[in-house]
Amino acid sequence: MKENTTRHLHLNMALIGGFMGGYALTNHHDIFGSAQTSNMITIAMNAAGRPDANWLVRIFGLFLYMAGLASTVVLPKKFKMNMKLFSIIVDGIVLILIGFFPSNLNDFVALYPLFIATSIQWCSFPG
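A short tour of the structure in this document, coming up. If you're wondering where the values come from, they're calculated on a predicted model, not measured in any experiment.

### Points about the environment of serine 87
Structurally, serine 87 can be placed in helix α4 (residues 83–98). Here the alpha-carbon distance between serine 87 and alanine 117, two residues 30 residues apart in the chain, equals 7.1 Å. When sequence neighbours within four positions are dropped, the list of residues in contact with serine 87 reads Met13, Ile120, Gln121, Ser124 and Phe125.

### Description of unusual backbone geometry
A positive phi is found at lysine 80, a non-glycine position, where the angle reads about 55°. Residue position: lysine 80 is located in the loop between α3 (55–79) and α4.

### Side note on the packing of aromatic side chains
Two aromatic rings are characterised by how far apart their centres lie and by the angle between their planes. A complete count under the given rule lists two aromatic pairs for this structure. Between phenylalanine 60 and tyrosine 112, the ring centres sit 5.2 Å apart and the planes meet at 70°, which makes this aromatic pair edge-to-face. Taken together, the residues phenylalanine 60 in helix α3 and tyrosine 112 in helix α5 (residues 107–124) connect sequence positions 52 residues apart. The exposure class assigned to phenylalanine 60 is partly exposed, which follows from its relative accessible area of 45%. Ring geometry for tyrosine 112 and phenylalanine 115: centres 6.2 Å apart, planes at 50°, overall tilted. Here the residue tyrosine 112 and the residue phenylalanine 115 both occupy positions in helix α5, the gap between them amounting to three residues, near one helical turn. Comparing tyrosine 112 with phenylalanine 115, the two get one shared label, buried. Taken together, the ring pairs connect Phe60, Tyr112 and Phe115 into an aromatic cluster.

### So, α4
Its 16 residues place the ends of α4 22 Å apart at the C-alpha level, agreeing with the 22 Å of an ideal helix rising 1.5 Å per residue. Those residues of α4 lying buried are Met83, Ser87, Val90, Asp91, Val94 and Ile98. Buried residues along α4 cover an arc of 105° about the axis, so they all sit on one side. Along α4, exposed side chains directed more than 90 degrees from the buried face belong to Ile93 and Ile96. At the N-terminal boundary of α4, the capping side chain belongs to asparagine 82, with an oxygen 3.0 Å from the backbone nitrogen of lysine 84.

### Considering the nonpolar core
Formed by 15 residues in total, the largest nonpolar core has its most connected members in Met20, Val90, Val94, Leu114, Phe115 and Ala117. When residues of this core are traced back to their parent elements, those giving at least two are α3, α4 and α5. Counting residues per element, this core draws most heavily on α5, which supplies seven residues. Setting aside chain neighbours within four positions, we find methionine 20 in contact with Asp91, Val94, Leu95, Leu114, Ala117 and Thr118.

### Some words on the side chain of aspartate 91
Inspection of the secondary structure puts aspartate 91 in helix α4. Nearest to the buried, unbridged aspartate 91 among oppositely charged side chains is lysine 84, at 13 Å. With sequence-adjacent residues up to four places away left out, aspartate 91 is seen in contact with Met13, Ile16, Met20, Ala117 and Gln121.

Reading guide: rules and limits
Residues numbered from 1 in each chain as written. Predicted model: local features only at pLDDT ≥ 70, side-chain atom pairs only at ≥ 80, totals over all residues. Heavy atoms only, no water. Helix = DSSP H or I, 4+ residues; strand = E, 2+ residues; numbered from the N terminus. Contact = heavy atoms within 4.5 Å. Phe/Tyr/Trp six-rings, centres within 6.5 Å; stacked < 30°, edge-to-face > 60°. Buried < 20%, exposed > 50% of the residue type's maximum accessible area, 1.4 Å probe, protein only. Expected span 1.5 Å × (residues − 1). Arc of directions from axis to C-beta. Polar contact = N/O pair within 3.5 Å; in protein donor to acceptor, adjacent residues only side chain to side chain. Core = buried A, V, L, I, M, F, W, Y, C linked by side-chain atoms within 4.5 Å. Lys, Arg positive; Asp, Glu negative; His and termini not counted. Salt bridge = Lys/Arg side-chain N within 4 Å of Asp/Glu carboxyl O.

Here it is as structure tokens:
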């Protein structure tokens, strides 16, 4: 029974993560909110001389993603937290929060909450 519940929880979180990724891609000009690879490539291209108007916004987004990853290591050690439950709560808050963002908000800024939520989810539900 416990194995079945764990499996269903994992599948639901995969669905939520997929929704967040799809939301980011379809509503924010093909920017994938749950991965920072293309963001880091663009930052590197900026450093190599190909300027982008959003370079500072991208760098801050990368730091938010890293903060989310770090929180999955620090929080359980300091506060003995259940990271799966914490991830579900963060996802819920983020999904509600993005509903209140104005449609003309910078695409990267609009994805800041997703950067945090998806990085926490990624580490809280490994495998």
